[in-house]
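Chain by chain, the residues:
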Amino acid sequence: MSRSDKENLLLALLGLATIVACCFLVLILSGLIYRGWPALDWEFLTAPASDFGRQGGVFYQILGTLILMIGAGLISVPIALASVLFFTEFSPQKTGLETYRTLIFTLNGVPTILFGLVGYLFFSQFLGIGVSWLTGVLILSIMILPTIQVSILEAVSAMPLSYRETGMALGLTPEQLIRSVVLPQCGYGVLTGTLLGCARAGGETAAIMFTATAFSGVQLPESLHDPVTTLQTHILTLSQEAIDPQSVTTAWGSGLVLMAIVFTLIAASYLIRLRVANPDGGQA
Amino acid sequence: MNAPIIELKGVCIAYNQRTVLERINLSLHSKEITTLLGPSGSGKSTLLKSLCRMNDHIKGFSLEGTVEILEEDIYASGVDVYELRRSVGLVFQKPVMFPRSIYENMVLGVKRTRPEWRSQFSDRVEQSLKEVHLWDEVKDRLQEHATRLSQGQQQRLAIARTLIGEPQILLMDEPTSSLDPKSKEALESLAIELAKKCTLVWVTHDVEQAHRISDRVVYILEGKVFDREKASHTTVSPDIQQISKGRGKRSFFSRQGIEGS
Ligand SMILES: Nc1ncnc2c1ncn2[C@@H]1O[C@H](COP(=O)(O)OP(=O)(O)OP(=O)(O)O)[C@@H](O)[C@H]1O
Ligand SMILES: [Mg+2]
């Protein structure tokens, strides 16, 4: 087999893989839209659920998902940023950076149910918060931490060394360097990381099932110890009643709404990356 | 002559135990232009950066001996390295422009390091840009992206950005190597002007240039410095070749440097 034959074969295989991946995405999306669309209307988005979720809308489910997502982001982003900058900006000669990198990549691969389990034992039981939105927020914030850290770390590592050196040569202290050079040049990493992390939190079901949510009879939490109801757990519970067509339609509708939220976040992060790749400054 | 502004005593520099510069003694006086001349890889940039401790963050870098600037040992513990870098400015070989406006680039450092000047920023920007003869070219486009400037303009902007912080010593690492002959000439005469108010250390491997602009030429070869006043030399190129050859033969037996000044 000649060299170019091999290359063509490789190209064909890669193309096939891409097509398969795209097909799955299209299949999922079209299925979701086809089945979920009939459920969607203004009332579905703005009315509370009734009849154990079979009737009515998903207003509080949307709110619950957003509360967990935004809460997790608010806690996770500052921690992720501080920990990355500690290793890249403050540790002398970047000691520990490689270990740190390995650690966050490993954490990123831990099954989410384990976060749920450990979080349940620690926050819910040990700290006595109980099954509550706060437990969920805390668990999710730890879960999405590595996602955000990876994104920030890649952005900071991708920054040209010359920027850093120029700032240092002007006499900037590490804090000043962060504010004047690192954050302005790497802010997109913080932003995309936040959006991707939130998207991940928004789609998470296993870790919050038995730690933060209740299925019905829940509206907005009134104290730190109240559970919420979310789109993802709503879908799960409803689809278990597969014989009832109304439940199934509501489940698909909820799925579509959830997908819309997550896709918006991912699309936004994609657009930011695109804009960073082609800044209008005409820079090479 | 008054006390030297930069004084190196027995300085040895190594990267990962590999010696780059050996037992260097050197004293430079205020408001002179000194050029560091030597072949590629001889340690010119290394020596220059050690004067503002820009090597500190490099893994495996080590320095022995003392480097005194303004009669202070800058490698002693307790030295404020950020304050040091404010009084010892460094300009790189390739101008580094941040993807922001010309004005933003100018105040990038002083915005943080000299916040008390805030009300005078625009005056100081103007003054520094005039010093590097860039003001007339950019005065109407201060809000434009600095990356749109030509290489020569960017290099002058980089110098102005350093000058605005009022350094007492200005280190320049091959500042003309990416420039066309005309910008090069402009920068050389700029250096001579600047030497009226601060001390310049200029790295180059252009022998002619070194002798055009400097009060003093310091050769760096195989880890040693050979340091003479400009006046004592008329023919330069053969001289440096000779030293180079001589060192090549002798270095196996003797590591003693020739001390100048
Ligand atoms: N970060 C580093 N780590 C290890 N060795 C280095 C490092 N920087 C420079 N060196 C080594 O130190 C020696 C001197 O390098 P330096 O950059 O100072 O040379 P130079 O005289 O400035 O050369 P040029 O004219 O090419 O710029 C070289 O042998 C180089 O390989
Ligand atoms: Mg160099």
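This one's a predicted model, so the numbers in the text were calculated from it and none came from an experiment.

Trainee: Run through the packing of aromatic side chains, naming residues and quoting values.
Mentor: All names here are of chain A. Across all of its chains, the model carries eight aromatic pairs over all chains by this definition. With a centroid separation of 5.6 Å and an interplanar angle of 25 degrees, the aromatic rings of F122 and F126 are classed as stacked. Placement of both F122 and F126 in helix α5 (residues 112–126) is noted, with a separation of four residues, approximately one turn of the helix. Classification of F126 as exposed rests on a relative accessible area of 63%.

Trainee: Report on the pattern of salt bridges, specifying residues and quantitative values.
Mentor: Once the charged atoms of two side chains with opposite charge are near each other, the side chains can pair. Residues and elements named next belong to chain B. Applying the stated rule across the entire model yields 17 salt bridges over all chains. For R156, the salt bridge goes to E137, with nearest N and O atoms at 3.1 Å. Note that R156 is positioned in helix α7 (residues 151–163) and E137 in helix α6 (residues 135–138), a separation of 19 residues in sequence. With relative accessibility at 34%, the residue E137 sits in the partly exposed group.

Trainee: Summarise the site of ligand 1; cite the residues concerned and give the values.
Mentor: Residue and element names in this part refer to chain B. The immediate surroundings of ligand 1 are formed by 14 residues, with S40, G41, K44, S45 and T46 found nearest. The separation between an oxygen atom of ligand 1 and a polar main-chain atom of G41 is 2.8 Å. In the environment of ligand 1, an oxygen atom lies 3.2 Å from a nitrogen or oxygen atom belonging to the side chain of E174. Computed on the free molecule, ligand 1 has an accessible area of 630 Å², of which 66% lies beneath the protein chains in the complex. Among the secondary structure elements, those contributing two or more residues to the shell around ligand 1 are β2 (18–28) and α1 (44–50).

Trainee: Quick rundown of unusual backbone geometry? Include the residues and the values.
Mentor: All names here are of chain B. Non-glycine residue H133 carries a positive phi angle of around 55 degrees. Residue placement: H133 occurs in the loop between α5 (121–131) and α6. With a phi angle near 45 degrees, E222 is a residue other than glycine that sits in the positive phi range. With respect to the helices and strands, E222 occurs in the loop between β9 (216–221) and β10 (224–229).

Trainee: Can you tell me about the interface of chain A and chain B, naming the residues and giving the values?
Mentor: In this assembly, 22 residues from chain A lie in contact with 26 residues from chain B. Summed over both partners, the interface of chain A with chain B comes to about 2400 Å²; 57% of that surface belongs to carbon and sulfur atoms. Our enumeration of links across chain A and chain B arrives at zero salt bridges. At the boundary of chain A with chain B, the tally comes to six residue pairs in polar contact (both at pLDDT 80 or more). Elements with a minimum of two residues in the side of chain A that touches chain B: α7 (161–169) and α8 (174–203) of chain A. At seven residues, the largest contribution of residues to the side of chain A that touches chain B is made by α8 of chain A. The residue inventory of the side of chain A that touches chain B, partitioned by class, reads eight nonpolar, ten polar and four charged.

Trainee: Quick one: what's the story with α5 of chain A, residue by residue and with numbers?
Mentor: Residues and elements named next belong to chain A. Its 15 residues give α5 an end-to-end C-alpha distance of 20 Å, which sits within 8% of 21 Å, the value for a rise of 1.5 Å per residue. Of all the bends in α5, the greatest measures close to 35 degrees and is centred on G119. Every buried residue belonging to α5 is among T112, F115, G116, G119, F123 and S124, and all of these are buried. On the buried face of α5, the contacting elements are α4 (97–108), α6 (133–158), α8 and α9 (206–209).

Trainee: Help me get a handle on the pairing of strand β7 (residues 169–173) of chain B, residues and values and all.
Mentor: Two faces, one strand: in a regular strand the side chains alternate between the faces of the sheet. Residues and elements named next belong to chain B. In terms of residue burial, β7 counts as a mostly covered element, since five of its five residues are buried. Of the two faces of β7, the one carrying I169, L171 and D173 and the one carrying L170 and M172 are both buried. Inspection of the sheet shows strand β6 (residues 88–91) paired to β7 by four bridges, in the parallel sense. Directly across from V91, in β7, lies its bridge partner M172. Relative to strand β8 (residues 199–204), β7 runs parallel, the two sharing five bridges. Within β8, the position partnered with D173 by the bridge is V203. On the question of chirality, the crossover connecting β7 to the parallel β8 by way of helix α8 (residues 181–194) is right-handed.

Trainee: Account for the environment of V218 of chain A, naming residues and giving values.
Mentor: All names here are of chain A. Within the fold, V218 resides in the loop between α9 and α10 (231–239). The exposure class of V218 is buried, given its relative accessible area of 17%. Along the primary structure V218 and V228 are separated by ten residues, whereas in three dimensions their C-alpha atoms are 6.2 Å apart. Beyond its immediate stretch of four places on either side in the chain, V218 contacts Y60, P227, V228 and T229.

Trainee: Got a sec to walk through the state of the cysteines? Specific residues and values, please.
Mentor: A covalent bond bridging the sulfur atoms of two cysteines is what the word disulfide describes. Summed over the entire model, instances satisfying the criterion amount to zero disulfides over all chains. The structure places no disulfide on C22 of chain A, whose sulfur is separated from the nearest cysteine sulfur, that of C23 of chain A, by 7.2 Å. In this structure C12 of chain B is not part of a disulfide, and its nearest cysteine sulfur, from C52 of chain B, lies 20 Å away.

Trainee: Outline the domain arrangement of chain A, supporting the account with residue identities and numerical values.
Mentor: Residue and element names in this part refer to chain A. By domain assignment, chain A separates into domain 1 (1–39) and domain 2 (42–277). One C-alpha centre belongs to domain 1, the other to domain 2, and the line joining them spans 28 Å. Here domain 1 packs against domain 2, burying approximately 810 Å² in sum over the two surfaces, 86% of which is carbon and sulfur. When residues of domain 1 are sorted by the area they lose upon contact with domain 2, L32, R35 and A39 head the list and together hold 62% of the total.

Analysis parameters
- Residues numbered from 1 in each chain as written.
- Chains lettered and ligands numbered in written order.
- Predicted model: local features only at pLDDT ≥ 70, side-chain atom pairs only at ≥ 80, totals over all residues.
- Heavy atoms only, no water.
- Phe/Tyr/Trp six-rings, centres within 6.5 Å; stacked < 30°, edge-to-face > 60°.
- Helix = DSSP H or I, 4+ residues; strand = E, 2+ residues; numbered from the N terminus.
- Buried < 20%, exposed > 50% of the residue type's maximum accessible area, 1.4 Å probe, protein only.
- Salt bridge = Lys/Arg side-chain N within 4 Å of Asp/Glu carboxyl O.
- Near = heavy atom within 4 Å.
- Polar contact = N/O pair within 3.5 Å; in protein donor to acceptor, adjacent residues only side chain to side chain.
- Areas by Shrake-Rupley, 256 points an atom, 1.4 Å probe, with all protein chains shown as cover.
- Contact = heavy atoms within 4.5 Å.
- Buried area = accessible area lost by both parts, 1.4 Å probe.
- Nonpolar A, V, L, I, M, F, W, Y, C, P; charged D, E, K, R; others polar.
- Expected span 1.5 Å × (residues − 1).
- Bend = angle between axes of the 7 residues up to and from the residue.
- Pairing = 2+ DSSP bridges.
- Right-handed = clockwise from strand over helix to strand, strands pointing away.
- Disulfide = S-S within 2.5 Å.
- Domains from an automatic or database assignment.

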